[in-house]
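For reference, the chains in residue letters:
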Protein chains: 2
Amino acid sequence: MILVNGEAAQAISALDRGLAYGDGVFRTLRTRDGQPLWWADQAAKLAADCAALQLACPDADLLRAEVARVAEAGEGMVKLIVTRGVGARGYAPPAGQATTRIVLAAPLPAHARADAGDAIVVRWCSLRLARQPRLAGIKHLNRLENVLARAEWDDPAIFEGLLCDEGGAVIGGTMSNVAWIKDGALFTPELDACGVAGVARARLLRAAARHGIPARIGRWHPDAILAADEVMVCNSLIGVRRVARLGDATWAAAGWTTLLNEALHEDQD
Amino acid sequence: MILVNGEAAQAISALDRGLAYGDGVFRTLRTRDGQPLWWADQAAKLAADCAALQLACPDADLLRAEVARVAEAGEGMVKLIVTRGVGARGYAPPAGQATTRIVLAAPLPAHARADAGDAIVVRWCSLRLARQPRLAGIKHLNRLENVLARAEWDDPAIFEGLLCDEGGAVIGGTMSNVAWIKDGALFTPELDACGVAGVARARLLRAAARHGIPARIGRWHPDAILAADEVMVCNSLIGVRRVARLGDATWAAAGWTTLLNEALHEDQD
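- By the naming in an unreviewed UniProt entry, chain A is aminodeoxychorismate lyase, taken from Thiobacillus sedimenti.
- Turning to chain A, the UniProt annotation filed under Pathway (unreviewed entry) states: "Cofactor biosynthesis; tetrahydrofolate biosynthesis; 4-aminobenzoate from chorismate: step 2/2."

**Re the sheet that holds strand β7 (residues 100-107) of chain B**
Picture the strands of a sheet paired through backbone hydrogen bonds; they go either parallel or antiparallel.
Residue and element names in this part refer to chain B.
1) Next: The strand order across the open sheet built from six strands is β2-β1-β7-β6-β4-β5, with neighbouring strands paired in antiparallel fashion. This sheet does not close on itself; its edge strands, each paired only once, are β2 (7-8) and β5 (35-36).
2) Next: As defined by bridge partners, strand β4 (residues 24-32) adjoins β5 across two bridges and the pair is classed as antiparallel. From the neighbouring strand, Arg32 faces β5, where its bridge partner is Gln35.
3) Next: On the sheet, helix α2 (residues 39-52) packs against β4, β5 and β6 (75-83) and is oriented at approximately 175° with respect to β4.
4) Next: Contacting β1 (2-4), β4, β5, β6 and β7, helix α3 (residues 60-70) crosses the sheet at an angle of about 35° to β7.

**Let's talk about the packing of aromatic side chains**
All names here are of chain A.
1) Next: Enumeration over the complete set of coordinates arrives at eight aromatic pairs over all chains.
2) Next: Taken together, a centroid distance of 5.2 Å and an interplanar angle of 75° make the contact between Phe187 and Trp220 edge-to-face. Highlighted residues: Phe187 in strand β12 (residues 185-189) and Trp220 in the loop between β13 (215-218) and α6 (222-226), separated in sequence by 33 residues. Both residues of the pair, Phe187 and Trp220, belong to the buried class.

**Details of the nonpolar core**
1) Next: Residues B:Val25, B:Leu53, B:Val78, B:Leu80 and B:Val103 are the most contacted members of the largest nonpolar core, which totals 33 residues.
2) Next: Among residues more than four places away in sequence, those in contact with B:Val25 are B:Leu46, B:Asp49, B:Cys50, B:Leu53, B:Leu55, B:Leu80, B:Ile81, B:Val82, B:Ile138, B:Lys139, B:His140 and B:Leu141.
3) Next: If you look at the next biggest cluster of nonpolar residues, it comprises 32 residues, including A:Cys50, A:Leu55, A:Leu80 and A:Val82.

**As for helix α2 (residues 39-52) of chain A**
All names here are of chain A.
1) Next: An ideal rise of 1.5 Å per residue puts 20 Å on 14 residues; α2 measures up with 20 Å between its terminal C-alpha atoms.
2) Next: Tucked inside the fold, the buried residues of α2 contact β4 (24-32), β5 (35-36), α3 (60-70), β6 (75-83) and α5 (199-210).
3) Next: The positive-phi residue at the C-terminal boundary of α2 is Gln54, with phi of around 55°.

**Brief notes about the relation of the copies chain A and chain B**
1) Next: Structural alignment of chain A on chain B gives an RMSD of 0.0 Å, achieved by rotating through 180° and translating 0.0 Å along the axis. Read as a symmetry element, the transformation amounts to a two-fold axis.
2) Next: By residue overlap, the copies meet face to face through one surface: 96% of the interface positions of chain A are interface positions in chain B.

**Re the domain arrangement of chain A**
Residues and elements named next belong to chain A.
1) Next: Domain boundaries in chain A define domain 1 (2-108) and domain 2 (114-263).
2) Next: Taking only C-alpha atoms, the centre of domain 1 and the centre of domain 2 are 25 Å apart.
3) Next: The interface is formed by 22 residues belonging to domain 1 together with 17 residues belonging to domain 2.
4) Next: Between domain 1 and domain 2, the buried area comes to about 1600 Å², and carbon and sulfur atoms account for 63% of it.
5) Next: Linking domain 1 with domain 2 are two salt bridges, by the criterion used here.
6) Next: For Asp41, the salt bridge identified is with Arg206, shortest N-O distance 2.9 Å.
7) Next: Here domain 1 is connected to domain 2 by 11 residue pairs in polar contact (both at pLDDT 80 or more).

**Considerations on the side chain of A:Glu145**
1) Next: With respect to the helices, strands and loops of the structure, A:Glu145 is situated in helix α4 (residues 144-150).
2) Next: For A:Glu145, the residues in contact, after removing those within four places along its chain, are A:Leu127, A:Arg128, A:Leu129, A:Ala130, B:Gln132 and B:Leu135.

**Brief notes about the pairing of β6(B)**
All names here are of chain B.
1) Next: Counting buried residues along β6, eight of its nine residues qualify, which places the element largely inside the surrounding structure.
2) Next: Relative to β6, β4 runs antiparallel, the two being bridged by nine bridges. If you follow Arg27 over to β6, its bridge partner there is Leu80.
3) Next: Inspection of the sheet shows β6 paired to β7 by eight bridges, in the antiparallel sense. Opposite Val78, over in β7, you have Ala105 as the bridge partner.

**Describing the pattern of salt bridges**
All names here are of chain A.
1) Next: Applying the stated criterion across every chain yields a total of 24 salt bridges over all chains.
2) Next: Salt-bridge contacts for Arg84 lead to Asp23; the nearest nitrogen and oxygen are separated by 2.7 Å. You can see Arg84 sitting in the loop between β6 and β7 (100-107) and its partner Asp23 sitting in the loop between α1 (17-21) and β4, a full 61 residues away along the chain. One exposure class covers both Arg84 and Asp23, and it is buried.
3) Next: One network of salt bridges, with partners in common, ties together Arg17, Asp23 and Arg84.

Cut-offs applied
Residues numbered from 1 in each chain as written. Chains lettered and ligands numbered in written order. Predicted model: local features only at pLDDT ≥ 70, side-chain atom pairs only at ≥ 80, totals over all residues. Heavy atoms only, no water. UniProt positions renumbered as here; feature names shortened; annotations may be inferred. Pairing = 2+ DSSP bridges. Helix = DSSP H or I, 4+ residues; strand = E, 2+ residues; numbered from the N terminus. Contact = heavy atoms within 4.5 Å. Axes fitted to C-alpha atoms, helices over the stretch in contact; angles between N-to-C directions. Phe/Tyr/Trp six-rings, centres within 6.5 Å; stacked < 30°, edge-to-face > 60°. Buried < 20%, exposed > 50% of the residue type's maximum accessible area, 1.4 Å probe, protein only. Core = buried A, V, L, I, M, F, W, Y, C linked by side-chain atoms within 4.5 Å. Expected span 1.5 Å × (residues − 1). Least-squares fit on C-alpha atoms with pLDDT ≥ 70 in both. Domains from an automatic or database assignment. Buried area = accessible area lost by both parts, 1.4 Å probe. Salt bridge = Lys/Arg side-chain N within 4 Å of Asp/Glu carboxyl O. Polar contact = N/O pair within 3.5 Å; in protein donor to acceptor, adjacent residues only side chain to side chain.

What follows is the structure, given as structure tokens:
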């Protein structure tokens, strides 16, 4: 089921700025029995991303009610899209605060189900992410880099591809954030020039803090990951998932991902 | 009037990848009495941009017929959008070659009409364009940088804003390419890392060659423009337009823009 501005619909205007320019933001979240997981974080991130693009963010309670209307029974996923709506032709954002909000449900992907298993295989992508501080961290609708990176492989055994920026620093996966443990500390890339700062990443950092695991956010090259004790990727659908293989490198489980994946859900809302 | 895959429609699927990821390309072109101007160039550029994203490009004759169906009488404009269509969720491009093509007409903007006058006022934008060689030159649907740059001013007297990349090299305008004359040569930025390589720019370079004006394509900082004898911006709606003022700098007409704007139309098709 799809709601467009609260009405059941299958389509949006062909003049919407979300299509014309990718002028909007989105969220992908898990639902259980009609309720969104991690809703406070999801709503706060949506509001922050809208603010970064000077979009009017729809009311969080309204959105939550619409998520409940569309969500499938049991485990599911919902995508929220907020665009700058239909406007006059041209790049200039129209005056006023009209937006289009789209709330759509889909079955939970197989790779996100509880029985999907723990450890995954990951590869390096050759595409380098462009550095754009004005858009960094935002989950906006300009995602051609992700599309091009994801097109680099079609082996279904490979779960995710990791990307570096043009300077060679690791940024994250096409659909996930990356983190790793080394000598008892949690490392994850700084996302001030590219990448998406996901809700799962924020929760992972909070979980680490609660468990006394020091966190380091910075710029690291692939060598730092290869020297890690355990490597993981995370997003709102899969939680934290351990990387068993990355290119030629392999890791055995050291327990960190299991601990952190459980900790991710401690401050459930 | 709007055609979606050849059928009169106002809307596209809310699941289209053009909306979800900006996964597509577009063209904006002038029409006269239902016929697209510079069609051979427009069709060739659309095909090249589709190829760069591994999109199946719709047949040029089909598109031309659809342009004629939607175009307004007299002078008008038409926008063509080609997206990767409705696909499975996730960034991976779906197998097969389904695309969505959207052909929509609009009145010619006032600033593009013949009586709009010659010289324009331009400003510098503070946003720096990200360098992404994989997307450079392509008129794709990921245009948030253009939206953010265009949002930097709302003075209707300012026609266009010029942008530099993060290294400080001039790239072009939010909706146009920039060029300038210095000592009898035509200069325009290299677009191998960012910017859109428009059809009008390509025609400008061909026109210069026909008229024995040497062209130089490279990387220049704003100082080079400020030292120019004449500065111009171009796109498929406005042709070539002379810049009378850029920030604090002003230029009197030296005749180059008039010559080149006429020359732009010599190989009419």
